[in-house]
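Residues per chain are reported as follows:
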Amino acid sequence: MQITSSLTHGVEMASYFAQYYYTGTVANGIFAIIDGPFEDASYRTLTNQSDPGAGDFTPGNLIAFNGGAEEPYTGYTDEGPVTYDMVLFSNSADLAGRTLNYTSGVFPVCFLAGTMIATPAGETAVEALAIGDLVLTADGRAAPVRWVGVQTVVTLFAEPLRTFPVRITAGAFGDDLPARDLLVSPDHALFLDGVLVQAGALVNGTTIIRETEMPERFTYYHVELEDHSLILAEGVPAETFLDTVTRRRFDNFAQYEALYGDTGATISELPAPRIKSARQLPQALRARLAERATTLHVASAAVRAA
């Protein structure tokens, strides 16, 4: 047996040799093996058909079996990769009847489709932006879009806590901010009170909540400018793409590579503290958001009672 590039312990790979495969089901982060192991020489070598030069597999890539049949790759267990057809490929022959922790290995950092972005010509849905379009930054500049990354999430294989969007209800940050409900991925940062706050750190269960139900497939979009900037999403300053996240994770990486090469120039992060968890929130910001949540709750209750 030969493993071209190992995948064990959560490390993805560009090519994988598997002696066996198993069939199973995926639910709540668990791959439950139903049948197997099976041996089939025509299914043994898995390579990245969508992006042959990639250093890893990205969920959604087509994986070719021995260069022939193809199946979308969705993620991995510690015992091997999983495809969309709910097949586990492994070099272990003793997995029958087991359940294995499963992860897609990709956590988006983007705006949900439908998010309105400020431009000099008015607001535009993020999915309608194109390379060269101008967007407005929080400091008043009109900056051209360098690239728009697209990332599709398949709900069946997603880890909700890290993948499903956070909903920031209209007015949660103050009057008219956001102007409408703003939905972003949990790790996407907004600029509040001089700090970059990832949306997951803001969840309070009332005005800022985690979505628990999403369609079978949904799409995130990320806007890349020449620098790490703040653009206005539903009126709220929100970060643009920062290349601490690999562009290979996006469905349309091939478009980027054709325009700019493999990686492009390194983007320097904005000089502001980054808040990644609720316990890191500055006390003044925490208190202001709590007060605002109470105000909106009282106002909502008054409307219902009228």
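Whatever comes next refers back to the structure up there.
Predicted model only: the values in this text are computed from it and were never measured. (Residues numbered from 1 in each chain as written. Predicted model: local features only at pLDDT ≥ 70, side-chain atom pairs only at ≥ 80, totals over all residues. Heavy atoms only, no water.)

Looking at the pattern of salt bridges
And then number 1: Overall, the coordinates contain 15 salt bridges when judged by the stated rule.
And then number 2: As a salt-bridge pair, Arg146 and Glu226 come within 3.6 Å of each other at their nearest N and O atoms. One end of the pair, Arg146, is in the loop between strand 14 (142-144) and strand 15 (147-154); the other, Glu226, is in the loop between strand 21 (217-224) and strand 22 (230-233), and 80 residues separate them in sequence.
And then number 3: The exposure class assigned to Glu226 is exposed, which follows from its relative accessible area of 60%.
And then number 4: Where Arg274 meets Glu239, a salt bridge forms, and the shortest distance between an N and an O atom there is 2.8 Å. With a gap of 35 residues between them, Arg274 in strand 24 (residues 274-275) and Glu239 in strand 23 (residues 236-239) connect regions that are remote in the sequence.
And then number 5: Taken together, the shared-partner salt bridges in this structure form one network comprising Arg146, Glu224, Glu226 and Arg247. (Salt bridge = Lys/Arg side-chain N within 4 Å of Asp/Glu carboxyl O. Helix = DSSP H or I, 4+ residues; strand = E, 2+ residues; numbered from the N terminus. Buried < 20%, exposed > 50% of the residue type's maximum accessible area, 1.4 Å probe, protein only.)

Observations concerning the pairing of strand 7 (residues 80-83)
And then number 1: Across four bridges, strand 6 (residues 70-77) lies against strand 7 in antiparallel orientation. What sits directly across from Gly75, in strand 7, is Val82.
And then number 2: Linking two consecutive strands that pair antiparallel, namely strand 6 and strand 7, is a turn of two residues.
And then number 3: Of the strand pairs in this sheet, strand 7 and strand 8 (residues 87-90) are connected by two bridges, and their pairing is antiparallel. Within strand 8, the residue paired with Thr83 across the bridge is Val87. (Pairing = 2+ DSSP bridges.)

Observations concerning the packing of aromatic side chains
And then number 1: Tallied over the entire structure, the rule returns nine aromatic pairs.
And then number 2: With 6.2 Å between their ring centres and 40° between their planes, Tyr21 and Phe89 make a pair best called tilted. Here Phe89 lies in strand 8 and Tyr21 lies in strand 2 (residues 20-27), a separation of 68 residues in the sequence. Each member of the pair Tyr21 and Phe89 is classed as buried. (Phe/Tyr/Trp six-rings, centres within 6.5 Å; stacked < 30°, edge-to-face > 60°.)

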